[in-house]
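Here's the letter readout for the chains.
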Amino acid sequence: MEVKSERVTGEVSECDPDALFDSLRSDTNLSNAGEMNGSSNLMDFLDEPLPDVGTYEDFHTIDWLREKSRDTDRHRKITNKSKESLWEFIKGLLDAWSGWVVMLLIGLLAGYIGVPTEEWSGHGPHRAPCALAGVIDLAVDWMTDLKEGFCLSAFWYSHEQCCWRSNETTFENRGKCPGWQKWSELMVGRAEGASAYILNYFIYILWALLFSFLAVSLVRVFAPYACGSGIPEIKTILSGFIIRGYLGKWTLLIKTVTLVLVVSSGLSLGKEGPLVHVACCCGNFFSSLFSKYSKNEAKRREVLSAAAAVGVSVAFGAPIGGVLFSLEEVSYYFPLKTLWRSFFAALVAAFTLRSINPFGNSRLVLFYVEYHTPWYMAELVPFILLGVFGGLWGTLFIRCNIAWCWRRKNTRLGKYPVLEVIAVTAITAIIAYPNPYTRRSTSELISELFNDCSALESSQLCDYINDPNMTRPVDDIPDRPAGSGVYTAMWQLALALIFKIIITIFTFGMKIPSGLFIPSFAVGAIAGRMVGIGVEQLAYHHHDWIIFRSWCRPGADCVTPGLYAMVGAAACLGGVTRMTVSLVVIMFELTGGLEYIVPLMAAAVTSKWVADAFGKEGIYEAHIHLNGYPFLDVKDEFTHKTLATDVMRPRRGEPPLSVLTQDNMTVEDVETLIKETDYNGFPVVVSRDSERLIGFAQRRELILAIKNARQRQDGVVSNSILYFTEDAPELPANSPHPLKLRRILNLSPFTVTDHTPMETVIDIFRKLGLRQCLVTRSGRLLGIITKKDVLRHMAQMANQDPESIMFN
């Protein structure tokens, strides 16, 4: 059996299966009509390039070897032409620098948009350009505060900006100002009391429902691919799969708008993960401006890998962590050249963010912290315990979320995405409002949990009983007994932790943009802060215990609860995604806590070990397998002793392999074979008797070549002989004009013998990015192995359903 057409055989898109099927059908019709763009001079009888040859249909896998070969040929031609004239030399230089230009444009667009917006400081308003992430942050802040109140002086100001502008705001009551009024004050003139609370509660829920309804409606109607985090699909695309429209301009616009809406609605999701998808859309747009990337899918994926790094860079203000995230978690093919260009693009984005100062603290990072106490070796025990918690949380979340998504996909629940989003939003808003730690935005919650308690801090978490005789400086406050505010905060945080753990399972995967970084951070930060406060109070009340005696003296600043929150956040995100190196780098860039790398490393490694004990898949790989995407993970290990002959097709009892012969088939024979089969390509042999392999011809290029030959070359009819040899066969004088198609033939298809171990075959598919591999014995063709066959065999060996792999 040959390379089968990559058609959808079931519901495979968590975003919108119906749109996926419609898109596939429309693209198939276009391919049959020969109307897709592309060019490659592969026809012997044409001097000009033949349109459409060399491109790929939707939901197909690219041929990495072929794309690399085409780029090498293109580069060789440019090098040879550059010696002919000065103009050709300049064109060669422009081509060589086009990659750096694309990286510059991606970094600038992701980090800077020249749309002026007003930002207010303590000294008055000023006009400043905004970062893409900064624009989203400003909109989220305003819309989140809109659920609770309104700025009378300027409706476009958030609560914080409104009070900054007011001259009546005092330091003690910096959260209150006459210019900002709650909805109950505007409607009934009361800010306190049961009626005011119920009214504010009701309006909070209404705004949340409105935001989420607008988001899911926009996604469903205008851009079905704008849902989810996008990282599973980005990983699949970077592995060589074609999903047309997923990185389009319309998807970019809708995802950016709806991302603001869903985060403002208060749902347990974040915007950082989807910003990777947004940045890749930017990268796809700029790569389409240069033929070097627009006409070569392998080169385009180098740009997309760098764009993914920029997405994390602008989301967190972590340029180095973004590059490592792309290398460790997202990219499939990441050569050194891509590493350098990713670093350059992240550098441009970082410079742009620094010039804009989106966080208002002259720093790039989102959660900057400044601790004044070193960590001690004895604290590694609670840090490791937080790692264990992160691994268990990651396992619980992945299993429960995948089970719920599977239920959504295979039951009637999946037919009502709008109702599902509305229901989850209503439940979230109803439960979140009474608790101050779930009512506020998740980013604000994490920032408060990370912060250390200073003398000027007004948070409940810093309500300690002060010693009137304390004479220490402000930045070295000793451990103190917890006050009533801390105990109140502890049980509120415990409720918030349970709520976040449960609601995030049902929120991630709905048909709206949804990121998982911030919710995972929140779960870990809540657990870590609670553990940190517990260790702090234990050290204060029992400083004479042997575990505390050596490093925690009475009146000393021994334990930093904010550090525990930071370690817990890293542990939970690591448990969900299985990141290690990039996670630690992102965390210390995110917080500025370079001194605390060892605790972060200990928690990240422990989290991964614990989570891997229950399953090797991270959340993104689990969703890839749930959707049936043809992703061959380089992290998977194959240890079974099977051979190529056990996997190749045709198998015993199946029809023989359909092949083309090199010089004795007519155009009508080939057209009939194409109509009767849906294979992606056909091996070409000397004759049916010898079965000696000559090459491999792609189905799409055969169709286009025959069609163009009929239109452009006189004498080509149905009974014309089609041959793939250098010299035409000897034909009778009255025979129709033959058709030579040697130039569309791949003369070096990758082959293995029938006794090649499947472990070796799988490594070949991974490292070379093959679409198919031919199986031979002594030069005689026996069968074929496709990427789909490999994935199905691996699933079967792992006792999984092999039919879950829906694409070739």
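This report concerns the structure included in the present document.

The rules behind the values
- Residues numbered from 1 in each chain as written.
- Predicted model: local features only at pLDDT ≥ 70, side-chain atom pairs only at ≥ 80, totals over all residues.
- Heavy atoms only, no water.
- Helix = DSSP H or I, 4+ residues; strand = E, 2+ residues; numbered from the N terminus.
- Contact = heavy atoms within 4.5 Å.
- Areas by Shrake-Rupley, 256 points an atom, 1.4 Å probe, with all protein chains shown as cover.
- Pairing = 2+ DSSP bridges.
- Core = buried A, V, L, I, M, F, W, Y, C linked by side-chain atoms within 4.5 Å.
- Buried < 20%, exposed > 50% of the residue type's maximum accessible area, 1.4 Å probe, protein only.
- Patch = residues over 30% accessible without salt bridge, like charges linked within 9 Å, V, L, I, M, F, W, Y side chains within 5 Å.
- Salt bridge = Lys/Arg side-chain N within 4 Å of Asp/Glu carboxyl O.
- Disulfide = S-S within 2.5 Å.
- Phe/Tyr/Trp six-rings, centres within 6.5 Å; stacked < 30°, edge-to-face > 60°.
- Lys NZ or Arg CZ within 6 Å of the ring centre and 35° of its normal.

## Some words on the overall build of the protein
Helices and strands together make up the secondary structure of the protein, namely 30 helices and 16 strands. Once local pairs closer than 6 in sequence are excluded, the contacts in the protein between residues at least 24 apart make up 71%. Of the roughly 34300 Å² that the protein leaves accessible, carbon and sulfur atoms contribute 59%.

## Some details on the sheet that holds strand β8 (residues 665-666)
Ordered by their spatial adjacency, 3 strands build an open sheet running β8-β11-β12, and the pairing between neighbours is mixed. Each end of this open sheet is capped by a strand with a single partner; those strands are β8 and β12 (739-740). Here β8 pairs with strand β11 (residues 721-723) via 2 bridges, running antiparallel. Bridging from a neighbouring strand, threonine 666 pairs with isoleucine 721 of β11.

## With respect to the nonpolar core
By size, the foremost hydrophobic cluster in this structure holds 138 residues, and its most contacted members are Phe316, Phe325, Phe397, Phe450, Ile512, Phe521 and Met587. Sort the elements by how many residues they give to this core and helix α20 (residues 517-541) lands first, with 12 residues. Among all residues touching methionine 587, those that are not within four sequence positions of it are Phe450, Phe521, Met566, Ala569, Ala570 and Leu600.

## So, the side chain of serine 98
Within the secondary structure, serine 98 sits in helix α3 (residues 86-111). Once residues lying within four places of it in the same chain are set aside, the contact partners of serine 98 are Phe290, Lys292 and Tyr293.

## Structural notes on a nonpolar patch on the surface
Taken together, the side chains of Leu86, Trp87, Phe89, Ile90, Leu93, Leu94, Trp97 and Val101 define a hydrophobic patch exposed on the protein surface, amounting to about 860 Å² of accessible area. Taking the relative accessible area as the measure of exposure, isoleucine 90 reaches 35% and is therefore partly exposed.

## Remarks on the environment of leucine 104
Mapping leucine 104 onto the fold places it in helix α3. In the structure, leucine 104 is positioned 237 residues away from arginine 341 in sequence and 9.1 Å away in space, judged by C-alpha atoms. Not counting residues up to four positions away in its chain, the partners in contact with leucine 104 are Phe344 and Val348.

## Some details on the state of the cysteines
According to the stated counting rule, one finds 1 disulfide in the structure shown. Between cysteine 453 and cysteine 462 runs a disulfide, and the two sulfur atoms are separated by 2.0 Å. Classification of the bridge connecting cysteine 453 and cysteine 462 rests on its S-S torsion, roughly -85°, and on that basis the disulfide is left-handed. For the pair shown, cysteine 453 and cysteine 462 are each scored as buried. Of the cysteine sulfurs around cysteine 280, a residue in no disulfide, the closest is that of cysteine 281, at 7.3 Å.

## Description of unusual backbone geometry
Here the bond from arginine 649 into proline 650 is cis, since omega is 5°, no more than 30 degrees from zero. Note on placement: proline 650 falls in the loop between α26 (644-647) and β7 (660-661). Positive phi values are uncommon outside glycine, yet arginine 578 reaches one of about 65°. Positionally, arginine 578 belongs in the loop between α22 (561-577) and α23 (581-591). On the basis of relative accessible area, arginine 578 is assigned to the buried category, the value being 7%.

## A few points about the packing of aromatic side chains
Enumeration according to the criterion identifies 23 aromatic pairs in this entry. Taking the centre distance of 5.5 Å and the plane angle of 80° together, the rings of tryptophan 100 and phenylalanine 344 count as edge-to-face. Here tryptophan 100 is found in helix α3, whereas its partner phenylalanine 344 is found in helix α14 (residues 336-356), with 244 residues between them in sequence. By relative accessible area, which is 26% here, tryptophan 100 ends up partly exposed. With relative accessibility at 25%, the residue phenylalanine 344 sits in the partly exposed group. Aromatic pair phenylalanine 397 and phenylalanine 508: ring centres 6.2 Å apart, planes at 55°, arrangement tilted. With phenylalanine 397 in helix α15 (residues 380-410) and phenylalanine 508 in the loop between α19 (484-507) and α20, this residue pair connects regions lying 111 residues apart in the sequence. With relative accessibility at 0%, the residue phenylalanine 397 sits in the buried group. Taken together through their ring pairs, the aromatic side chains of Phe150, Trp183, Trp207 and Phe211 make up a single cluster. The ring of tryptophan 100 has arginine 341 lying over it, and the distance from NZ or CZ to the ring centre is 5.4 Å. The aromatic ring of tyrosine 433 is capped on one face by arginine 439, whose charged end is 4.1 Å from the ring centroid.

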